[in-house]
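Listed here are the chains, written in short residue letters.
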2 protein chains.
Amino acid sequence: MPASPQPRIVSDLTESQLLDRLLPLMDTGPAERVGPGDDAAVLDLAGPVVATTDVVVRGVDWREDWSEPEDLAVKVVTQNLADIAAMGARPRSLLLTLTMEPTTEVEWVLRLAAQLGQECRRYGVSAAGGDLSGAPPGFASIGVTALGVLDGVSPVLRSGARTGDRVAVAGSLGRSAVGLSLLLAATAGSRGVGDVAAVPREALAHHRRPSSPLSQGPIAARAGASAMIDISDGLLRDAGRIGRASGVAVSIDSAALAPDLNWAERYLSREEARACVLTGGEEHSLLACFPATVEVPPWWRVIGEVVAGEGLLLDGRAVPAGGWDHFADRPGA
Amino acid sequence: MPASPQPRIVSDLTESQLLDRLLPLMDTGPAERVGPGDDAAVLDLAGPVVATTDVVVRGVDWREDWSEPEDLAVKVVTQNLADIAAMGARPRSLLLTLTMEPTTEVEWVLRLAAQLGQECRRYGVSAAGGDLSGAPPGFASIGVTALGVLDGVSPVLRSGARTGDRVAVAGSLGRSAVGLSLLLAATAGSRGVGDVAAVPREALAHHRRPSSPLSQGPIAARAGASAMIDISDGLLRDAGRIGRASGVAVSIDSAALAPDLNWAERYLSREEARACVLTGGEEHSLLACFPATVEVPPWWRVIGEVVAGEGLLLDGRAVPAGGWDHFADRPGA
């Protein structure tokens, strides 16, 4: 079937014509024994396999007017690879699903795919397979499944923290939330997209294209980390998860957060900045606990300690864990 | 945060409250080293890993008025596990994503999860992880990633067919398409859902809850199959894919399809029945090629042979491969 001379929207192409354009953009080399194009991929993964999946939805997890397709590609890859790294594993492969309405612009899809391919090559992971599906008008989603290998180390769970461990973070805190706050403020009320242009670009960078110190996951595992988590729902909420899973309390010292707070206060009030650093999600930094007997590796900064009890302490006082709930649009449990 | 006494829609619950209800329904036992609840799952998969992913969307891949949540669960599990089987592999684990609007009934989600758990136990696969996301009003999607192991056999690709191989099928042909035709006819024009009740239940069974002869995938691989594919887009289209990938022609003998045609003709005209058997998708039977030097295993019936040339022959005459295109709503390339 001949395509129209200038295919603009995805229904101008058959599925196989679209795949013929997409797959070269996501070519990540011959890493896999069998890559895209057969019923399934065949991956030479040695030892235990670490696996995670995430899906993002237009209008819920991203706004078309705030996110370029390249931003989305960076976001979905980062959030999945950070989950792999937070187990102490090295990411190896991604599988992708994409649902989109027939009027989706081909250019949008190609830009998304090109950036996905670039992220895969950047992190040395293969794009091993995927699935395309149509969607009703207005709907779009991107699903990613990431697979990783442990290279001989034991997986680092949330449940291994013990009293006396130091609590440390690799990466920034609150940067994604600062960007989101500024975007929300710029477009609040009757003001429109135009105001977004006035927001300093560096304040939006991490929200738009988050990065994660992925290599620090395996490094922490080798150094002897007792527990680890990816900060996807905010420092307090994710630290609380380690505490609950381990049957201990996590105590955070806010003085250790000064670099993050100082950065955030360039753009927001002291109170807003503090909220971003303590509860801001989608940061994808790594939070880990290290027993007193091991050395905290470089790139990790100690921000607290594990103490007896349960729950979460901030500067010695009990705090409820804050976060975000997907369905209720309110702080989660 | 207290939930309302009778949580009815998903926004009556926090995400973690919903997960507390869902996860026990999908408990598939302690097969994995680390199951749901940490950043990622850890799977003890020996040797190469076979991986595939699929997503289905409400209004595109299923209609709420035709499909119970249990039907959907069976469908998404079957279609993914069939892709694993079609490589000659044994399925081991699933990862699931679910997007749904906040007003989705909790009961619907719990029924879906319960059936997903049942299907996993039935096939001996673990539900290793997943992700929930909200969706805008009217939207829902289910994504599945399936992982499998080869147990020492080489993966059976689409590209291994050679001239002189016999072409054989394990499972039925056209059953899903017959059900779909009857549903479409029953609801065509101004007639409504009521007419669906008049359609014989046995004619709809495979469309609603497809099954796949999964164990025949590894059996065919061990028997020496040269090429294999899951029939998801119709016999002709999927046979054509083997032919193209292998650089040969696949020749189908329609006399060998008599059992399928006879069954389909109970419900449809001869011409409609033939279209269902030859081009009906979502069947999830397995199509494989066996060299003349090996024995075609029991449960497989020979329906044709591999010949020199390219493309597809039906009773000796060249045919274009028919099928379905996700975006263009028309026969695909």
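Small disclaimer: the values here were computed from a predicted structure and weren't measured. (Residues numbered from 1 in each chain as written. Chains lettered and ligands numbered in written order. Predicted model: local features only at pLDDT ≥ 70, side-chain atom pairs only at ≥ 80, totals over all residues. Heavy atoms only, no water.)

Caption draft 1: Molecular detail of the relation of the copies chain B and chain A. For the pair chain B and chain A, the relating rotation is 180 degrees, the translation along its axis is 0.0 Å, and the fit reaches an RMSD of 0.1 Å. Both chain copies can therefore be described as sitting about a two-fold axis. Here 100% of the contact residues of chain B are again contact residues in chain A; the copies associate through an equivalent surface. (Least-squares fit on C-alpha atoms with pLDDT ≥ 70 in both. Contact = heavy atoms within 4.5 Å.)

Caption draft 2: Quick peek at the pattern of salt bridges. On inspection of all chains with the given rule, the structure shows 30 salt bridges over all chains. One salt bridge in this structure joins B:Arg158 and A:Asp39, with 3.4 Å as the shortest N-O distance. Taken together, the residues B:Arg158 in the loop between β5 (140–149) and β6 (166–170) and A:Asp39 in the loop between α1 (15–25) and β1 (41–43) connect one chain to another. As far as the burial class goes, B:Arg158 and A:Asp39 line up, both buried. Overlapping salt bridges, with partners in common, bring together A:Asp38, A:Asp39 and B:Arg158 in one network. (Salt bridge = Lys/Arg side-chain N within 4 Å of Asp/Glu carboxyl O. Helix = DSSP H or I, 4+ residues; strand = E, 2+ residues; numbered from the N terminus. Buried < 20%, exposed > 50% of the residue type's maximum accessible area, 1.4 Å probe, protein only.)

Caption draft 3: The interface of chain B and chain A, seen in detail. Counting residues at the interface gives 69 residues for chain B, matched by 71 residues for chain A. For the pair chain B and chain A, the summed buried area comes to about 5,600 Å², and 60% of that belongs to carbon and sulfur atoms. Counting the contacts that link chain B with chain A gives four salt bridges. Linking chain B to chain A there are 17 residue pairs in polar contact (both at pLDDT 80 or more). Secondary-structure elements contributing two or more residues to the side of chain B that touches chain A are α1 (15–25), β1 (41–43), β2 (49–57), α2 (69–85), β3 (90–100), β4 (126–134), β5 and β7 (227–230) of chain B. The biggest single contributor to the side of chain B that touches chain A is β2(B), with eight residues. Tallied by class, residues from the side of chain B that touches chain A come to 39 nonpolar, 15 polar and 15 charged. Pairing analysis gives three bridges linking β1(A) to β2(B), with the strands arranged antiparallel. Its bridge partner lying in β2(B), A:Leu43 is registered against B:Val49. (Buried area = accessible area lost by both parts, 1.4 Å probe. Polar contact = N/O pair within 3.5 Å; in protein donor to acceptor, adjacent residues only side chain to side chain. Nonpolar A, V, L, I, M, F, W, Y, C, P; charged D, E, K, R; others polar. Pairing = 2+ DSSP bridges.)

Caption draft 4: Just the packing of α1(A) against helix α3 (residues 106–123) of chain A, in detail. Residue and element names in this part refer to chain A. The geometry of α1 relative to α3 is characterised by a closest axis approach of 8 Å and an angle of 30 degrees between their N-to-C directions. As the angle between them shows, α1 and α3 are arranged roughly parallel. The interaxial crossing formed by α1 with α3 has right-handed handedness. Together, Arg21, Leu22 and Leu25 of α1 and Val109, Leu110, Ala113, Ala114, Gly117 and Arg121 of α3 make up the contact between the two elements. Looking at side-chain class alone, the contact of α1 with α3 contains six nonpolar, one polar and two charged residues. (Axes fitted to C-alpha atoms, helices over the stretch in contact; angles between N-to-C directions. Parallel < 35°, antiparallel > 145°, perpendicular 65-115°, else oblique. Left-handed = near helix turned anticlockwise from the far one by under 90°.)

Caption draft 5: Fine view of the UniProt feature "binding site: Mg(2+) 5" (unreviewed entry) in chain A. Residue and element names in this part refer to chain A. The UniProt record marks Asp233 with the feature "binding site: Mg(2+) 5" (unreviewed entry), using the residue numbering of this structure. Secondary-structure assignment places aspartate 233 in the loop between β7 (227–230) and α7 (235–246). A residue is classified by how much of its surface remains accessible, and aspartate 233, at 23% relative accessible area, is partly exposed. (UniProt positions renumbered as here; feature names shortened; annotations may be inferred.)

Caption draft 6: Molecular detail of the pairing of strand β5 (residues 140–149) of chain A. Residue and element names in this part refer to chain A. Within β5, ten of the ten residues are buried, which leaves it mostly tucked inside the rest of the structure. What you see with β5 is no split at all: Ala140, Ile142, Val144, Ala146 and Gly148 on one side and Ser141, Gly143, Thr145, Leu147 and Val149 on the other are buried throughout. Note: strand β2 (residues 49–57) against β5, nine bridges, orientation antiparallel. Each bridged residue has a counterpart across the sheet, and for valine 57 the counterpart in β5 is serine 141. Here strand β3 (residues 90–100) runs beside β5; their pairing, made up of ten bridges, is antiparallel. Note on β5: the bridge partner recorded for proline 91 is glycine 148.

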